[in-house]
Amino acid sequence: MAVPSTTELCVLKALWKRHPLSAREIHLEVERELGWSFSSTRKTLERMLEKEMVGQEVRHGVQVYAARLEKVGTLAAFARDFGRRVMEMDTPLPVNMFTGSKLVDAQELAQLEQMLNAWPDDEEPQQ
């Protein structure tokens, strides 16, 4: 599975914090960070549905979305990709880099550390 783009990650973060959300609610969560229109949010959600990053269902007559990608695995894959591709590092990023994150709690941080350290160098992380 591919690592989410930065905009897809922004949508996923909104859904990991609160879910399910309508497209309008997602837009209100990501609008400030991404600075884009509602139609851009809808188009991103459509692409994410095609990639099976999010799921969609109807609740009380409204289409709502929830993340299908597991949070810690996705963050670990994103961190691993960043370390390799951007920072050109062959070793895992130190988990203390994520200390103080508002996105993960202590248990998730420990799980993230385990995932980052467990991947063989010749293998892509699993989500």
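Here we summarise the structure given alongside this text. (Residues numbered from 1 in each chain as written. Predicted model: local features only at pLDDT ≥ 70, side-chain atom pairs only at ≥ 80, totals over all residues. Heavy atoms only, no water.)

**Here's the deal with the pairing of strand E2 (residues 54–59)**
Alright, step 1. Bridge count for E2 against strand E3 (residues 62–67) is six bridges, and the pairing is antiparallel. The residue of E3 that forms the bridge with Arg59 is Val62. (Pairing = 2+ DSSP bridges. Helix = DSSP H or I, 4+ residues; strand = E, 2+ residues; numbered from the N terminus.)

**Digging into the nonpolar core**
Alright, step 1. If you look at the biggest cluster of nonpolar residues, it comprises 31 residues, and the most contacted ones within it are Val11, Leu15, Ile26, Val30, Tyr65, Phe98 and Leu112.
Alright, step 2. Every element with two or more residues in this core is listed here: helix H1 (6–17), helix H2 (23–34), helix H3 (38–50), helix H4 (71–86) and helix H5 (106–118).
Alright, step 3. Among the elements that line this core, the one with the most residues is H1, at seven residues.
Alright, step 4. For Phe98, the residues in contact, after removing those within four places along its chain, are Ala79, Leu93, Leu109, Leu112 and Leu116. (Core = buried A, V, L, I, M, F, W, Y, C linked by side-chain atoms within 4.5 Å. Buried < 20%, exposed > 50% of the residue type's maximum accessible area, 1.4 Å probe, protein only. Contact = heavy atoms within 4.5 Å.)

**Thoughts on unusual backbone geometry**
Alright, step 1. The step from His19 to Pro20 runs through a cis peptide bond, and the omega angle for that step is -5 degrees.
Alright, step 2. Summarising the element assignment, Pro20 is placed in the loop between H1 and strand E1 (21–22).
Alright, step 3. The backbone of Glu52 sits at a positive phi, close to 60 degrees, despite the residue not being glycine.
Alright, step 4. By the secondary structure assignment, Glu52 is in the loop between H3 and E2.
Alright, step 5. Using a relative accessible area of 52% as the deciding quantity, one classes Glu52 as exposed.

**Description of empty space enclosed by the protein**
Alright, step 1. For the structure shown, the criterion picks out one cavity of 30 Å³ or more.
Alright, step 2. Taken as a whole, the largest cavity spans an internal volume of roughly 50 Å³.
Alright, step 3. The dominant element in the lining of the largest cavity, judged by the number of residues it contributes, is H4, at four residues.
Alright, step 4. Its residues assigned to classes, the lining of the largest cavity comprises five nonpolar, two polar and three charged. (1 Å grid on protein atoms, 1.4 Å probe; cavity = no way out; pocket = protein on both sides within 12 Å on 5 of 7 lines; lining within 4 Å. Points joined across faces, edges and corners; volume = space filled by probe spheres on them. Nonpolar A, V, L, I, M, F, W, Y, C, P; charged D, E, K, R; others polar.)

**Here we look at the packing of aromatic side chains**
Alright, step 1. Evaluation of the coordinates by the stated rule reveals zero aromatic pairs.
Alright, step 2. Note that Arg24 overlies the ring of Phe38, its terminal NZ or CZ placed 3.8 Å from the centroid. (Phe/Tyr/Trp six-rings, centres within 6.5 Å; stacked < 30°, edge-to-face > 60°. Lys NZ or Arg CZ within 6 Å of the ring centre and 35° of its normal.)

**Overview of the environment of Tyr65**
Alright, step 1. Position of Tyr65 relative to the elements: it lies in strand E3.
Alright, step 2. Separated by 40 residues in sequence, Tyr65 and Glu25 have C-alpha atoms that sit 9.8 Å apart.
Alright, step 3. In this structure, Tyr65 is in contact with Leu15, Pro20, Leu21, Ser22, Ala23, Ile26, Arg42, Leu45, Leu49, Val54, Gly55 and Gln56, ignoring residues within four places of it in sequence.
Alright, step 4. Among the polar contacts made by the side chain of Tyr65, one reaches the side chain of Gln56 at a distance of 2.9 Å. (Polar contact = N/O pair within 3.5 Å; in protein donor to acceptor, adjacent residues only side chain to side chain.)

**Quick word on the sheet that holds E2**
Alright, step 1. Taken together, three strands build an open sheet; the order of strands is E1-E3-E2 and the sheet is antiparallel. Bordering the open sheet on either side are E1 and E2, each of which pairs with just one other strand.
Alright, step 2. With two bridges joining them, E1 and E3 adopt antiparallel strand pairing. In the sheet register, Leu21 faces E3, and the bridge partner there is Tyr65.

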